[in-house]
There are 2 protein chains.
Amino acid sequence: MSGEIAEIPQAAARLLQEGTGEIARVVEALQMPRVSHVVVSGRGSSGHAGTHLRYLIETRLGLSSAAAAPSVVTRYGASPRLKEALYILISQSGRSPDLVAAAEQATAAGAQTVAIVNDPNSPAARACRHVIPITAGPELAVAATKTVVNTMLAGMLLVARLSGDAALVSSAQAAPERLAQALALDWSAWARRLSDAPAGFVIGRGLTLGPAREAALKAAEVLGVPVLAFSSAEVLHGPKAAIRSEHPILGLNAGGEVSDSIEEALATLAREGASIFSGSGPRPTLPGLAAGDPVLDAIALLVPVYRALEAEAVRLGRDVDRPPGLVKVTETL
Amino acid sequence: MSGEIAEIPQAAARLLQEGTGEIARVVEALQMPRVSHVVVSGRGSSGHAGTHLRYLIETRLGLSSAAAAPSVVTRYGASPRLKEALYILISQSGRSPDLVAAAEQATAAGAQTVAIVNDPNSPAARACRHVIPITAGPELAVAATKTVVNTMLAGMLLVARLSGDAALVSSAQAAPERLAQALALDWSAWARRLSDAPAGFVIGRGLTLGPAREAALKAAEVLGVPVLAFSSAEVLHGPKAAIRSEHPILGLNAGGEVSDSIEEALATLAREGASIFSGSGPRPTLPGLAAGDPVLDAIALLVPVYRALEAEAVRLGRDVDRPPGLVKVTETL
């Protein structure tokens, strides 16, 4: 896992070099005027990459975007109408049977289907009309890291090309450098506090909601601590009642339009005695990134999260590459 | 809160008596052939009711369904294309400013908008073309219970009428009796164990995924314990690594097509030493409902959850009607 985290900037550089041509070809082949809505399918970390992508699709392409529920197809036997849909399947392994079956149904239903996968020869890739390989290289640790970052970056490149947004293309080009800066941020104070805690929380909103959920999942996988992720729009209502000072709260603020909302939630919780860890805000408690593009930085903030969790697990003597009881491929039906 | 939980069967009877005419009028007014997809908007408990509704929409109406992200409109200033959408706003108070603003945008964008609300004179109702009042009567406790149940039941009636499914209409008619049976189930063993625990988990899938998330939120609100909810399709992958025997797991299985998936996940976790509380399966650890309609029973299973949480909070001397730091109306932008 450590080596894969260290490779993140190079994997991103590889995607920018080798993947952009393929993304341009897919964008040219897509018939966007036919599309009335988008469905994004993915589970676990891929689902969180899908959450980052859904905000880009809604804010940059002006299309509403749903998270697919594969059981609708594989368990309930329904075949939702998808003729007007752009259907994007995200799968790191490309081998989860229910995701493959749901994508096959979408293709058969006439959806324009795109697989964002690391293995272009996987069943997930074959189930879709178009394939975007994220070219992250082999990933062996159960807890995905570089593939998650490259998946999010591929989504950013796809939306940048679909919207013809030159500024977004150019900030994607800065990814390797920005991810290398993020790799240098030491967030071990958060991970050390979390590994001793009964539970933890992560707060984001909009573009950082997916990364917040990803940070929570990875903390559970790597440190074995239950961590809950919420939008700053949700956390001050019901969930707040369960937050106590022994629950470290990680705030993920990448700037932009939702930045105030996140800072206000963190400030309110801090006033009430919560333990806040954040690289942003007036009094950051972790090293942060200088202001940049919020789309890219929402992705980059995962890098110090991954690094800190991995280092803490090593300190505790946990087998970070094979967390107890977990497997790499999700065999769900 | 206690009185409102006890009122659940009568509130459902009121909806069946007073609300079905209004639902029939809305269904007649909707132009379903124009609809290519559905967007459901709601936060917290209303969002969980929306998750129950999205499975009904996808499995019974064959339309893909998205959860709205209000910040796309209120923070990012985007206006997603919604001309072909059926947009359903769920709000108990009917007063959350960002949900109202996003629904106004949807109506302006040409969506067919429907508000499912308790107060038909609320801003949420005014923001939509059509209104379905859930006629739950006033709810004073911060933690919503009878309004959540009536919202889910209203969604079930709406889909039953839209699909012309007489069996679904008839199982909705059985709601008052079924909810009264559910009120008699004593799940205090789960709540007592949870109130002492560092964290807890709830597992459902498909139609019980929304109720599972609702149970987790309500446990946090009422008992102040962090509780995570997962689909049985997700929990055995990453999240499992954070489950230990001191984390009680509540299984919500209402039968039907996903039943095996839920039981297999619970059995796997039990074999590995987890503490399972469930009214279903070969060796139930809580009293359960006899087999019935999975759509209705997914709703009914919330009743013993609410009752047990409330009773445990009273036993602990917590102010269940006004949990510390929470307010009734969600004032988010």
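Residues numbered from 1 in each chain as written. Chains lettered and ligands numbered in written order. Predicted model: local features only at pLDDT ≥ 70, side-chain atom pairs only at ≥ 80, totals over all residues. Heavy atoms only, no water.

## Description of the relation of the copies chain A and chain B
Between the two chain copies there is a screw-like relation: a rotation about an axis and a shift along it.
Item 1. Turning chain A through 180 degrees and shifting it by 0.0 Å along the axis lays it on chain B, with an RMSD of 0.0 Å. Given the turn and translation reported, the copies of this chain are related as if by a two-fold rotation axis. Considering only C-alpha atoms, the part of chain A nearest the rotation axis is alanine 66 of chain A, at 2.0 Å.
Item 2. Taken as a fraction of all interface residues of chain A, those also at the interface in chain B reach 100%, which identifies the copy contact as same-surface. (Least-squares fit on C-alpha atoms with pLDDT ≥ 70 in both. Contact = heavy atoms within 4.5 Å.)

## Notes on helix H7 (residues 146–163) of chain A
All names here are of chain A.
Item 1. When the terminal C-alpha atoms of H7 are compared, their 26 Å separation across 18 residues agrees well with the 26 Å that a helix rising 1.5 Å per residue should span.
Item 2. Burial analysis of H7 places 16 of its 18 residues in the buried class, the great majority of the element.
Item 3. Where H7 ends, the next residue or the one after it, glycine 164, has phi of about 60 degrees, a positive value. (Helix = DSSP H or I, 4+ residues; strand = E, 2+ residues; numbered from the N terminus. Expected span 1.5 Å × (residues − 1). Buried < 20%, exposed > 50% of the residue type's maximum accessible area, 1.4 Å probe, protein only.)

## A short note on the side chain of histidine 247 of chain B
Item 1. Of note, histidine 247 of chain B is situated in the loop between strand E7 (227–231) and strand E8 (248–251).
Item 2. The class of histidine 247 of chain B is buried, set by a relative accessible area of 0%.
Item 3. In terms of polar contacts, histidine 247 of chain B uses its side chain to reach the backbone carbonyl oxygen of alanine 242 of chain B, at 3.3 Å.
Item 4. Sequence-distant contacts of histidine 247 of chain B, that is, excluding residues within four places in its chain, are made with Pro226 of chain A together with Pro198, Ala199, Phe201, Ala242 and Ser275 of chain B. (Polar contact = N/O pair within 3.5 Å; in protein donor to acceptor, adjacent residues only side chain to side chain.)

## Quick notes on the interface of chain A and chain B
Item 1. Taken residue by residue, the interface counts 66 residues in chain A and 66 residues in chain B.
Item 2. Each partner contributes to the roughly 5,000 Å² buried at the junction of chain A and chain B, and carbon and sulfur atoms together form 57% of this total.
Item 3. At the boundary of chain A with chain B, the tally comes to two salt bridges.
Item 4. In this structure, aspartate 98 of chain A and arginine 205 of chain B form a salt bridge, with 3.9 Å as the shortest nitrogen-oxygen distance.
Item 5. At the boundary of chain A with chain B, the tally comes to 15 residue pairs in polar contact (both at pLDDT 80 or more).
Item 6. Secondary-structure elements contributing two or more residues to the side of chain A that touches chain B are strand E1 (37–41), helix H3 (45–60), strand E2 (65–67), helix H4 (71–74), helix H11 (209–223), strand E7 (227–231), helix H12 (232–235) and helix H13 (259–271) of chain A.
Item 7. For the side of chain A that touches chain B, the leading source of residues is H3 of chain A, giving four residues. (Buried area = accessible area lost by both parts, 1.4 Å probe. Salt bridge = Lys/Arg side-chain N within 4 Å of Asp/Glu carboxyl O.)

## Here's the deal with the packing of aromatic side chains
Residue and element names in this part refer to chain A.
Item 1. Scanning all chains against the criterion turns up two aromatic pairs over all chains.
Item 2. Ring geometry for phenylalanine 201 versus phenylalanine 230: centroids 6.3 Å apart, planes at 25 degrees, classification stacked. Of the two residues, phenylalanine 201 is situated in strand E6 (residues 200–204) and phenylalanine 230 in strand E7; the sequence distance between them amounts to 29 residues.
Item 3. With relative accessibility at 1%, the residue phenylalanine 201 sits in the buried group.
Item 4. The ring of tyrosine 55 carries arginine 54 above its face, with NZ or CZ at 5.7 Å from the centroid. (Phe/Tyr/Trp six-rings, centres within 6.5 Å; stacked < 30°, edge-to-face > 60°. Lys NZ or Arg CZ within 6 Å of the ring centre and 35° of its normal.)

## Describing H11 of chain A
Residues and elements named next belong to chain A.
Item 1. An ideal rise of 1.5 Å per residue puts 21 Å on 15 residues; H11 measures up with 21 Å between its terminal C-alpha atoms.
Item 2. Counting buried positions along H11 yields 14 of 15 residues, so the element is predominantly enclosed.
Item 3. With its phi angle positive at about 75 degrees, glycine 224 sits one or two positions after the end of H11.

## Focus: the pairing of strand E5 (residues 130–133) of chain B
Residue and element names in this part refer to chain B.
Item 1. Here E5 shows two buried faces, one formed by His130 and Ile132 and the other by Val131 and Pro133.
Item 2. Both strand E4 (residues 112–117) and E5 contribute to a ladder of four bridges, which runs parallel. When the bridges of E5 are listed, valine 114 appears paired with histidine 130. (Pairing = 2+ DSSP bridges.)

## Observations regarding unusual backbone geometry
Residue and element names in this part refer to chain A.
Item 1. Notably, threonine 135 is not glycine yet its phi reads approximately 45 degrees, a positive angle.
Item 2. With respect to the helices and strands, threonine 135 occurs in the loop between strand E5 (130–133) and H7.
Item 3. Judged by its relative accessible area of 16%, threonine 135 falls in the buried class.

## A look at the domain arrangement of chain A
Residue and element names in this part refer to chain A.
Item 1. In terms of domains, chain A is made up of domain 1 (2–174) and domain 2 (184–315).
Item 2. Centre-to-centre separation of domain 1 and domain 2, based on C-alpha positions: 25 Å.
Item 3. With 23 residues of domain 1 in contact, the opposing surface of domain 2 contributes 21 residues.
Item 4. A combined buried area of about 1,800 Å² lies between domain 1 and domain 2, and 76% of that area is made up of carbon and sulfur atoms.
Item 5. Of all residues in domain 1, Ile5, His48 and His52 give up the largest surface area on contact with domain 2, accounting jointly for 29% of the area buried on that side. (Domains from an automatic or database assignment.)

## Section: the sheet that holds E5 of chain B
Residue and element names in this part refer to chain B.
Item 1. As summarised here, the arrangement of the five strands in space is E2-E1-E3-E4-E5, forming an open sheet in which the pairing is parallel. Edge strands, defined here as strands with exactly one partner in the open sheet, are strand E2 (65–67) and E5. Here the average twist between neighbouring strands, direction ignored, is 20 degrees.
Item 2. Bridge count between strand E3 (residues 85–91) and E4: six bridges; the pairing is parallel. (Axes fitted to C-alpha atoms, helices over the stretch in contact; angles between N-to-C directions.)

## Points about the sheet that holds E6 of chain A
All names here are of chain A.
Item 1. Read from one edge to the other, the open sheet built from four strands follows the order E7-E6-E8-E9, with strand pairing classed as parallel. The open sheet has two free edges, formed respectively by E7 and strand E9 (275–278), since each of these has just one partner strand. Strand-to-strand, the axes of this sheet are offset by a mean angle of 25 degrees, without reference to chain direction.
Item 2. Summarising the sheet, E6 and E7 pair through five bridges and their orientation is parallel. By the bridge assignment, glycine 204 is partnered in E7 with serine 231.

## Considerations on the pattern of salt bridges
Item 1. The tally for this structure, following the rule as stated, stands at 30 salt bridges over all chains.
Item 2. For arginine 244 of chain A, the salt bridge goes to glutamate 246 of chain A, with nearest N and O atoms at 3.3 Å.
Item 3. With a shortest N-O distance of 3.2 Å, arginine 54 of chain B and glutamate 58 of chain B are connected by a salt bridge. You can see arginine 54 of chain B and its partner glutamate 58 of chain B sitting in helix H3 (residues 45–61), four residues apart, about one turn around the helix.
Item 4. With relative accessibility at 5%, the residue glutamate 58 of chain B sits in the buried group.

## Quick notes on the nonpolar core
Item 1. Ranked by size, the top nonpolar core spans 207 residues in total, and within it Trp190 of chain A together with Trp190 of chain B carry the most contacts.
Item 2. Filtering out sequence-adjacent residues up to four positions away, tryptophan 190 of chain A remains in contact with Pro248, Leu250, Phe277, Leu286, Val305, Ala308 and Leu309 of chain A.
Item 3. Within the second largest apolar cluster, 41 residues are counted, among which are Val73 and Ala115 of chain A together with Ala102 and Ala111 of chain B. (Core = buried A, V, L, I, M, F, W, Y, C linked by side-chain atoms within 4.5 Å.)

## Here's the deal with the environment of asparagine 118 of chain B
Residue and element names in this part refer to chain B.
Item 1. As for its placement among the helices and strands, asparagine 118 is situated in the loop between E4 and helix H6 (123–127).
Item 2. Residues asparagine 118 and alanine 313, 195 residues apart in the sequence, show an inter-C-alpha distance of 26 Å.
Item 3. Apart from the residues within four sequence positions on either side, asparagine 118 is in contact with Ser91, Gln92, Ile134, Thr135, Ala136, Gly137 and Thr147.
Item 4. Polar contacts involving the side chain of asparagine 118 include one to the main-chain amide nitrogen of alanine 136, which spans 3.0 Å.

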